[in-house]
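# Understanding the architecture of this molecule
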Amino acid sequence: MKTRPLRPVRDGLRLVAGALLCSAGLLAQAAEWTPAVLLEQLAKQKSAQGTFVEKKYIALLDKPAESSGTLSFTAPDKLEKRTLKPKPELMKLDGNQLYIEQAGKAPMSIALGSYPEVAAFVDSIRATLAGDRKALEDNFRLALNGSAAQWKLILSPRYSRMSDVISRVEISGSQAEVQKVAFELPDGDRSEMLISRSKP
Amino acid sequence: MSPRFARLRPLLIWLAALAGCVLVIVHTRFVADLSAFMPRTPDARQQMLIEQLRDGIIARLVMVGIEGGDAASRAALSRGLAAQLRADPAFLGVQNGEAQIEALDRAWYFDNRYLLSPAVTPGHFSSQGLHEAIGRSIENLSGNAGILLRKVLPRDPTGESLALIEQFAGSSQPHEVEGVWASRDGSRALLLVQTRADGSDTDAQAALLDTIRSRFAALPGQSADSRLVMSGTAVFSVASRERIQGDIHRLAAISTLLVVLLLLSVYRSLRLLLTGLLPVLSGIVAGIATVSLVFGNIHGLTLAFGSTLIGEAVDYAIYFFIQRAAGIDARSFWRTMWLGVASSLAGFTVLLCSGFPGLAQLGVYSMAGLVAAALTGRHVLPALTPETLRLADLSGLATRLDRLIDAARRLRPALIALVIAAAAWVAWHGDALWNRKLNALSTVTQAEQALDASMRGDLGAPDMRYIAALTAPDSEQALQAAEAVGKVLQQEVRAGRLGSFTSPAAILPSLRTQQTRQAALPDEATLRARLAEALADQPLRPERLEGFIADVARARQQPALKRSDLTGSASALAVDSLLVQRAHDVLVLMPLRAPAGQEELDTRALEAGLAAAGLKNVAVLDILDESTRLFSGYLNEARLLVGGGMLVIFLLLVVALRSLPRALRAVAPLACAVVLVTAGLLASGTSLTILHLIGLLLVVAIGRNYTLFFDAGSHTGTARQREQVQVSIVVANLTAVGSFGALAFSKVPVLAYLGCTVGPGALLAFIAAAILSRKHDADTH
């Protein structure tokens with residue numbers, strides 16, 4: 001109630017601020033930092049390789065479950081995650097097909113469309129690496145914090161089908177380099193993957 | 001007896017016989033499945049194969065696709081159609097990937113994991129075993145599936161559900177779009193329908209396919225381009241039958257028209273034309289009725305033969321009319337005629353010895369048809385035809401023809417040279433002459449095959465090329481045997497000699513195995529004590545595993561799983577297709593897949609491996625190989641029979657003509673025709689199938705009439721009579737070439753093969769008969 005008389009003022013201020021920001025953006029385009037700009041930069045990366053260390057914080061266990069290995073991405077839709085420790089495992093995503101190979105087991109190939117809960121995980125990383133804004137925005141609401149030098153892209157699932165398995169994905173990095181991917185799960189468990197990029 | 005009655009008697013008998021035949025035909029079942037072209041007395045392996053093709057669940061599966069519109073509308077149509085069909089008792093099962101159905105299957109494997117998992121042994125539940133199994137599960141949490149597995153771990157810390165899933169890892173599952181099964185590219189929603197009716201019951205299958213179509217058409221929410229596609233054995237059978245029937249109607253119409261026009265131009269009389277067709281019609285009616293009585297049904301392909309009978313039976317009327325008009329002595333004419341019929345019968349008799357019901361049907365059909373046609377020609381036609389026939393004046397044509405034949409005789413050396421060259425060329429081909437592929441006769445079109453392959457691939461249905469099969473007195477023993485075989489196959493998989501296999505026991509273990517597994521589960525107190533020990537150095541506290549303890553306690557007490565517990569799930573369909581209840585025993589089928597990157601499996605080695613493990617009555621079948629061998633046997637038999645038939649015809653001629661040289665002269669044109677047609681087919685890139693062989697036999701049967709009449713013409717009668725005989729042969733030949741030529745344009749391979757063999761063959765036989773006929777015999781008269 002109290003704020004009501006102030007509303008036109010606030011709206012006016014917002015307008016001014018918006019205009020200022022716009023002109024500032026026009027003056028210095030490089031300084032503008034939106035998901036669109038970030039993804040555009042990421043889209044320019046046609047391939048990337050690196051190593052990862054992943055920690056899963058699971059309430060069931062008294063200490064985080066840790067794994068490590070290598071990661072490689074080839075535009076537009078190939079993602080390969082090769083886990084070396086504690087157990088060798090290969091996960092390849094090619095288009096809509098997910099291929100999984102585990103030591104001592106028959107390789108498995110599944111269609112991503114049949115497993116929305118799996119798709120939620122792998123697609124969020126892949127679409128980010130590919131800079132595929134449409135694929136991301138189809139499934140997530142995007143928010144971007146920080147600057148080009150140190151940014152954090154926050155993905156919140158749009159639909160319950162996905163939010164049932166994942167409450168939020170945080171991807172952070174510097175410039176066109178992704179350094180960390182963190183998943184938060186609805187029951188409070190979470191997983192963090194740190195990526196260090198190999199020099200090309 | 002009055003002369004009038006004597007004249008009418010054959011007519012009355014004929015009409016009564018016709019009525020009897022029609023009565024039989026009304027109750028005749030027409031079939032079109034491949035099984036009639038499978039051997040009647042096969043060995044055990046082939047029996048199994050045929051059963052599966054004819055009655056097995058594979059033959060009862062219909063793959064249904066919904067195309068057009070957007071993904072959401074396809075999914076809605078898929079759900080709508082599935083709901084309709086599930087409510088119809090004519091369908092045993094309808095799968096379309098809907099969540100509630102899949103949930104049934106998932107629940108089956110999860111809820112019953114301690115009875116289903118092969119890992120459940122006493123050792124697995126010792127402190128040490130629990131330590132290892134739970135340690136592995138914890139390690140798995142760090143893997144990619146960790147996030148998903150953490151939910152399952154408190155109830156399934158030993159990883160049984162994971163082990164169960166892995167059993168099916170080799171078989172890929174259909175994709176899912178909008179919550180229902182879809183093709184890989186997502187453009188087609190997919191359903192798998194199991195019919196209650198047998199696959200071999202083509203009538204019932206046709207009705208069921210119509211039901212599916214009409215239920216689909218009545219669904220709301222269709223887009224303008226929504227459409228239904230179907231594939232599967234039953235769909236093929238029904239489509240083949242429709243195609244064959246459609247072709248029969250079309251071709252019968254075309255060849256009838258051709259024959260009618262030709263005869264009309266010769267007879268110039270409607271009455272003669274109609275009476276002239278009577279032998280043909282009587283032959284067809286008698287043929288169908290006889291086959292129906294002998295075999296209980298008639299195959300569409302046998303029926304298709306009906307139009308070909310026109311080729312030979314119409315000749316009887318033609319010879320009769322023209323030669324009667326020419327005033328040729330009826331007795332000498334009928335002597336020649338009966339010789340022709342007898343030798344044809346002899347030729348077809350050999351087909352009766354065939355182990356293949358399809359060939360035997362052709363034999364019975366042809367023999368009954370020819371006898372009926374000849375009897376009609378002999379006894380009914382004279383009763384319906386005036387004593388002195390006045391035909392259109394053909395003498396101009398006859399004279400020209402005579403001169404033409406005269407001129408043709410000069411081609412004799414050229415013909416002989418050509419035939420020798422052709423014979424050498426055919427011989428040079430050796431075994432490449434023969435087409436041994438089973439699908440060479442298939443009426444299934446390329447497009448239908450492509451649709452089938454794509455839907456099969458999308459549904460992840462096993463292609464069923466390799467199957468380990470065994471029989472047992474009851475399902476418990478069958479499942480125990482399947483488990484024993486599974487153990488050996490598992491070793492083969494580990495050794496890399498086998499890719500994977502599917503066993504009914506993986507879905508429904510034998511009672512004995514279930515009880516063994518239950519006995520391996522410790523009681524609650526023991527389990528708690530062992531867990532405490534097993535988890536001592538793990539980052540997992542025992543109190544988190546209460547769900548596990550409760551589930552194990554329940555599994556110890558739960559009643560053993562039965563087939564009926566599966567009802568409504570996709571797994572029920574799988575069990576029924578792999579564990580087939582038969583009249584006196586149970587057939588177990590275990591589809592095998594070759595290791596990745598390998599096309600073929602060494603079935604002998606697998607069989608030997610199984611035998612070495614004491615499993616001697618397990619057959620490892622390569623369906624492709626078996627069917628090729630089956631067909632090859634079929635072809636070899638037909639070769640023998642057709643050769644025998646030709647020999648019998650020759651011997652009969654020798655006896656009847658009482659002269660080897662005359663008999664040789666009579667068969668020489670036939671040999672020429674056979675050689676030239678074979679060479680022609682080879683030159684056009686066609687290798688010979690069984691139907692080409694039957695076609696060659698027909699060439700001999702039909703062509704033999706020409707040579708007999710040329711021979712008769714050269715030995716009896718005046719020059720004018722000889723000319724009339726020649727005209728009758730030309731007319732007969734043109735009808736044969738016309739009616740068989742029409743067949744050559746059939747879309748049904750079987751008919752087309754017959755047509756392109758007999759059409760040119762009949763023409764060549766006539767030309768060769770003319771070129772090789774002896775003028776001086778005629779001149780002496």
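For every chain, the first residue of the written sequence is number 1, and numbering continues from 1 along that sequence. Ligands are numbered from 1 and chains lettered from A, in the order in which they are written. Two thresholds apply to this predicted model, a pLDDT of at least 70 for residue-level local features and 80 or more for giving and counting side-chain atom pairs, whereas whole-chain, interface and lining totals are computed over all residues.

### Here we look at the overall build of chain A
Rules: Labels follow the DSSP assignment, with helices taken as runs of H or I lasting at least four residues and strands as runs of E lasting at least two, numbered in each case from the N terminus. Counting other C-beta atoms within 10 Å of a residue's own tells you its class, since 20 or more makes it buried, 12 or fewer makes it exposed, and anything in between is partly exposed; those C-beta atoms are placed from the backbone.
A tally of regular secondary structure across chain A gives five helices and eleven strands. A burial count over chain A gives 27% of its 200 residues as buried.

### Looking at the overall build of chain B
Helix and strand counts for chain B come out as 30 helices and 13 strands. Across the 781 residues that make up chain B, the buried fraction comes to 49%.

### As for the confidence of the model for chain B
All names here are of chain B. Here is the rule we go by: On a scale of 0 to 100, pLDDT captures the predictor's confidence in every residue. Contact between two residues is assigned when their C-beta atoms, built from the backbone, lie within 7 Å.
Across chain B, pLDDT averages 82, with 89% of residues at or above 70. Ranking the elements of chain B by mean pLDDT puts helix α30 (residues 775-779) last with 49 and helix α20 (residues 511-520) first with 94. This model gives residues 776-781 a pLDDT under 50, and the stretch forms seven contacts once residues within four places in sequence are excluded. Predicted complex metrics record ipTM = 0.75 and pTM = 0.65.

### Comments concerning the pairing of strand β4 (residues 89-94) of chain A
Residue and element names in this part refer to chain A. Condition: By the convention used here, strands pair only if DSSP detects at least 2 bridges between them.
What you see with β4 is a clean split: Glu89, Met91 and Leu93 sit on the buried side and Leu90, Lys92 and Asp94 on the side with no burial. As paired strands, strand β3 (residues 78-85) and β4 are joined by six bridges and run antiparallel to one another. Paired with Lys81 across the bridge in β4 is Met91. Counted along the chain from β3 to the antiparallel partner β4, the turn is three residues long. In the sheet, β4 pairs with strand β5 (residues 97-102) via six bridges, with the strands oriented antiparallel.

### Notes on the environment of Val700 of chain B
Residue and element names in this part refer to chain B. Secondary-structure assignment places Val700 in helix α27 (residues 690-715). C-beta crowding within 10 Å serves as the criterion here: with 25 such atoms nearby, Val700 is assigned to the buried category. Excluding residues within four positions of it along the chain, Val700 makes contact with Gly347, Met646, Ile649, Leu670 and Val674.

### Digging into the nonpolar core
Residue and element names in this part refer to chain B. In plain terms, the rule: Core membership is restricted to buried Ala, Val, Leu, Ile, Met, Phe, Trp, Tyr and Cys residues, and these are joined into a nonpolar core through C-beta atoms within 7 Å.
By size, the foremost hydrophobic cluster in this structure holds 129 residues, and its most contacted members are Ala673, Val699, Ala762, Ala765 and Ala768. No other element matches helix α29 (residues 749-772), which puts 17 residues into this core. Residues within four places of Ala768 in sequence aside, it is in contact with Leu415, Pro669, Cys672 and Ala673. One finds Ala469, Ile507, Ala572 and Leu601 within the second-largest nonpolar core, a separate group that totals 38 residues.

### Observations concerning the packing of helix α15 (residues 395-408) of chain B against helix α28 (residues 719-743) of chain B
All names here are of chain B. As a reminder, the rule being used: Whenever a helix is involved, its axis is fitted only over the stretch in contact; in every case the axis is a line through C-alpha atoms, and angles between N-to-C directions fall within 0 to 180 degrees. An angle counts as roughly parallel when it lies under 35 degrees, as roughly antiparallel when it exceeds 145, as roughly perpendicular when it falls between 65 and 115, and as oblique in every other case. In this count, Pro and Cys sit with the nonpolar residues alongside Ala, Val, Leu, Ile, Met, Phe, Trp and Tyr, while Asp, Glu, Lys and Arg are called charged and the others, Gly among them, polar.
Between α15 and α28, whose axes approach to 9 Å, the crossing angle comes to 85 degrees. Taken together, the axis directions place α15 and α28 in an arrangement best described as roughly perpendicular. Contacts between α15 and α28 pair Leu397, Ala398, Thr399, Leu401, Asp402 and Ile405 from the former with Glu723, Gln724, Gln726, Val727 and Val730 from the latter. Partitioning the contact of α15 with α28 into residue classes produces six nonpolar, three polar and two charged.

### Observations concerning helix α2 (residues 35-43) of chain A
Note the cut-off: Our arc is simply the arc of the directions from the helix axis toward the C-beta atoms.
Along α2 of chain A, the residues classified as buried are Pro35, Leu38, Leu39 and Leu42 of chain A. Burial along α2 of chain A is one-sided: seen end-on, the buried residues are contained in an arc of 95 degrees.

### Regarding the confidence of the model for chain A
Parts of the prediction with low pLDDT should not have their coordinates interpreted in detail. All names here are of chain A. Residues of chain A with pLDDT of at least 70 account for 78%, and the chain-wide mean is 80. Predicted confidence for residues 1-6 stays below pLDDT 50, and this span has zero contacts to residues more than four positions away or in other chains. The low-confidence segment residues 20-30, where pLDDT is below 50, has one contact with residues more than four positions distant or belonging to other chains.

### Some words on the environment of Trp151 of chain A
Residues and elements named next belong to chain A. As for its position among the elements, Trp151 is in strand β8 (residues 151-157). For Trp151, a count of 21 C-beta atoms within 10 Å gives the class buried. Remark: the alpha-carbon pair of Trp151 and Gln175, spanning 24 residues in sequence, is separated by 7.7 Å. Ignoring anything within four residues of it in the chain, the contact list for Trp151 reads Leu38, Leu144, Asn145, Gly146, Ser172 and Gly173.

### Here we look at the environment of Leu142 of chain A
All names here are of chain A. With respect to the secondary-structure elements, Leu142 resides in strand β7 (residues 140-146). Residue class for Leu142 comes out partly exposed when judged on the 17 C-beta atoms lying within 10 Å of it. As a C-alpha pair, Leu142 and Ser156 span 14 residues in sequence and 6.7 Å in three-dimensional space. In contact with Leu142, not counting residues within four places along its chain, are Pro35, Leu136, Glu137, Leu153 and Leu155.

### Comments concerning the packing of helix α11 (residues 270-295) of chain B against helix α14 (residues 357-384) of chain B
A packed helix pair is summarised by two numbers, namely the angle formed by the two axes and the spacing between the axes. Residues and elements named next belong to chain B. Inclusion rule: Handedness of a helix crossing follows the sense of rotation of the near helix relative to the far helix, less than a right angle counterclockwise being left-handed and clockwise being right-handed.
Orientation of α11 relative to α14, taken along the N-to-C sense of each, is 145 degrees, at an axis distance of 6 Å. As for the relative orientation of α11 and α14, their crossing is right-handed in sense. Broken down by class, the residue content of the contact of α11 with α14 amounts to 18 nonpolar, nine polar and no charged.

### Focus on unusual backbone geometry
Put simply, Ala75 of chain A and Pro76 of chain A share a cis peptide bond, and its omega is 0 degrees. With respect to the helices and strands, Pro76 of chain A occurs in the loop between β2 (65-74) and β3. That bond from Lys85 of chain A to Pro86 of chain A is cis: its omega, -5 degrees, falls within 30 degrees of zero. Tracing the backbone through its elements, the reader meets Pro86 of chain A in the loop between β3 and β4. The residue Gln175 of chain A is not glycine, and still its phi comes out positive at about 50 degrees. Tracing the chain through its elements places Gln175 of chain A in the loop between β9 (168-174) and β10 (177-184). We note that Arg658 of chain B has phi near 55 degrees; this positive angle belongs to a residue other than glycine.

### A word on the pairing of β10 of chain A
All names here are of chain A. Relative to β10, β9 is paired through seven bridges, and the arrangement is antiparallel. Following the sheet pairing, Ser174 is matched in β10 by Glu177. Between the end of β9 and the start of β10, which pair antiparallel, lie two residues, with Gln175 showing a positive phi angle near 50 degrees. In this sheet, strand β11 (residues 190-197) lies alongside β10 in antiparallel orientation, the contact comprising five bridges. Counted as the bridge partner of Phe183 is Ser191 from β11.

### A few points about α11 of chain B
Residue and element names in this part refer to chain B. For the record, the criterion: For a helix, the expected span equals 1.5 Å multiplied by the number of residues minus one. The bend reported for a residue corresponds to the angle between axes fitted to the seven residues ending at that residue and the seven starting there.
With 26 residues, α11 should cover 38 Å at 1.5 Å per step; its first-to-last C-alpha distance of 37 Å lies within 8% of that length. Where α11 bends most, at Leu278, the angle is about 30 degrees, and the proline Pro279 comes one to four residues later. One or two positions beyond α11, positive phi appears at Gly296, with a value near 85 degrees.

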